[in-house]
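Structural description and commentary
Residues per chain are reported as follows:
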Amino acid sequence: MADLIYTGIASLDGYLADSDGNFDWSAPDEEVHAFVNDLERDAGTYLLGRRMYDVMSVWETLGGPDDPPVIQDYGRIWRAAEKIVFSETLEEPPAPRTTVRRSFDPALVRDLKAEASGSIGVGGATLAAAALRAGLVDECRIFLNPVAVGGGLRFLPDNLNLRLELLDERRFGNGVMYLRYRIRG
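Calculation notes
Residues numbered from 1 in each chain as written. Predicted model: local features only at pLDDT ≥ 70, side-chain atom pairs only at ≥ 80, totals over all residues. Heavy atoms only, no water. Helix = DSSP H or I, 4+ residues; strand = E, 2+ residues; numbered from the N terminus. Rg over C-alpha atoms; globule rule 2.2 N^0.38 Å. Buried < 20%, exposed > 50% of the residue type's maximum accessible area, 1.4 Å probe, protein only. Contact = heavy atoms within 4.5 Å. Areas by Shrake-Rupley, 256 points an atom, 1.4 Å probe, with all protein chains shown as cover. Lys, Arg positive; Asp, Glu negative; His and termini not counted. Charge placed at Lys NZ, Arg CZ, Asp CG, Glu CD. Axes fitted to C-alpha atoms, helices over the stretch in contact; angles between N-to-C directions. Parallel < 35°, antiparallel > 145°, perpendicular 65-115°, else oblique. Left-handed = near helix turned anticlockwise from the far one by under 90°. Nonpolar A, V, L, I, M, F, W, Y, C, P; charged D, E, K, R; others polar. Salt bridge = Lys/Arg side-chain N within 4 Å of Asp/Glu carboxyl O. Polar contact = N/O pair within 3.5 Å; in protein donor to acceptor, adjacent residues only side chain to side chain.

1. Some points on the overall build of the protein chain
Scanning the protein chain for helices and strands turns up 5 helices and 10 strands. For 185 residues, the compact-globule formula gives about 16 Å, and the C-alpha radius of gyration of the protein chain, at 16 Å, lands near that figure. C-alpha atoms of the protein chain, sized along the principal axes, occupy 45 × 40 × 35 Å. For the protein chain, buried positions account for 46% of its 185 residues. When contacts within the protein chain are restricted to residue pairs at least 6 apart in sequence, those whose partners lie at least 24 apart make up 69%. Of the accessible surface of the protein chain, which amounts to about 9,700 Å², a share of 50% is contributed by carbon and sulfur atoms. Computing the positive centroid from 20 side-chain charges and the negative centroid from 29, the protein chain places the two 5 Å apart.

Below, the structure written as structure tokens:
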């Protein structure tokens, strides 16, 4: 059975984007990006909300021969994975290996977890909140940036009661901290 993994790059005060929707402070440097690439290498499928897919879809073309090796590497990882986009408004799959579903379906995710050989990533705070509330997320991986933004889109939703077990941690030269947690029953 595959693990469903929620990964995000957040401010120290727990936000993925500030109250204006800005997240430029979260751009990973080369060291962090290479580490993310290694984490994502076994992802066979990504579950994404519409907004997160819109952000990540640049990887359909990013990573060409003129880009740095770390960018080329992630471009290959992204394009090799299946993507399921949960959207009420997206009509057609905009790229290869992409499927559109109208609404989040916990049964579909359970079936994917049972059948998948690689890990499954969930991206986008709203979609991740639904998966967390449904008890489907196995791990949370967070990259904490040394910045406070004071409000915005939270990594973890309000009124969610979770017990977590720290599995791994790493400190990067730019002050970012990586924390990997397994969700305990």
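2. Points about the packing of helix α1 (residues 30–40) against helix α3 (residues 69–80)
The geometry of α1 relative to α3 is characterised by a closest axis approach of 10 Å and an angle of 25° between their N-to-C directions. What the angle tells us is that α1 and α3 run roughly parallel. Our pair here, α1 against α3, has a crossing hand that is left-handed. Counting all contacts with α1, which are made through E30, H33, A34, N37 and E40, the residues of α3 involved are V70, I71, D73, Y74 and I77. Of the residues in the contact of α1 with α3, the class split is 5 nonpolar, 2 polar and 3 charged.

3. Description of the pattern of salt bridges
Across all of its chains, the model carries 13 salt bridges by this definition. For D3, the salt bridge is made with R182, and the minimal N-O distance between the two is 3.2 Å. You can see D3 sitting in the segment before β1 (4–11) and its partner R182 sitting in strand β10 (residues 177–184), a full 179 residues away along the chain. As a salt-bridge pair, E60 and K83 come within 3.7 Å of each other at their nearest N and O atoms. With E60 in the loop between α2 (50–56) and α3 and K83 in strand β4 (residues 82–86), the pair connects residues that are 23 residues apart, well separated along the chain. Note on K83: relative accessible area 0%, which makes it buried.

4. Points about the environment of Y181
Looking at where Y181 falls in the secondary structure, it is placed in strand β10. Measuring from C-alpha to C-alpha, the distance between Y181 and R101 comes to 28 Å, with 80 residues separating the pair along the chain. For Y181, the contacting residues outside a window of four places in its chain are D138, E139, C140, L164, E165, L166 and L167.

5. A look at α1
Looking only at α1, the buried set comprises V32, H33, F35, V36, N37, L39 and E40. By the N-cap criterion, in which a side-chain oxygen at the helix start approaches the backbone nitrogen of a residue two or three places on, α1 is capped by D29, the distance to E31 being 3.2 Å.

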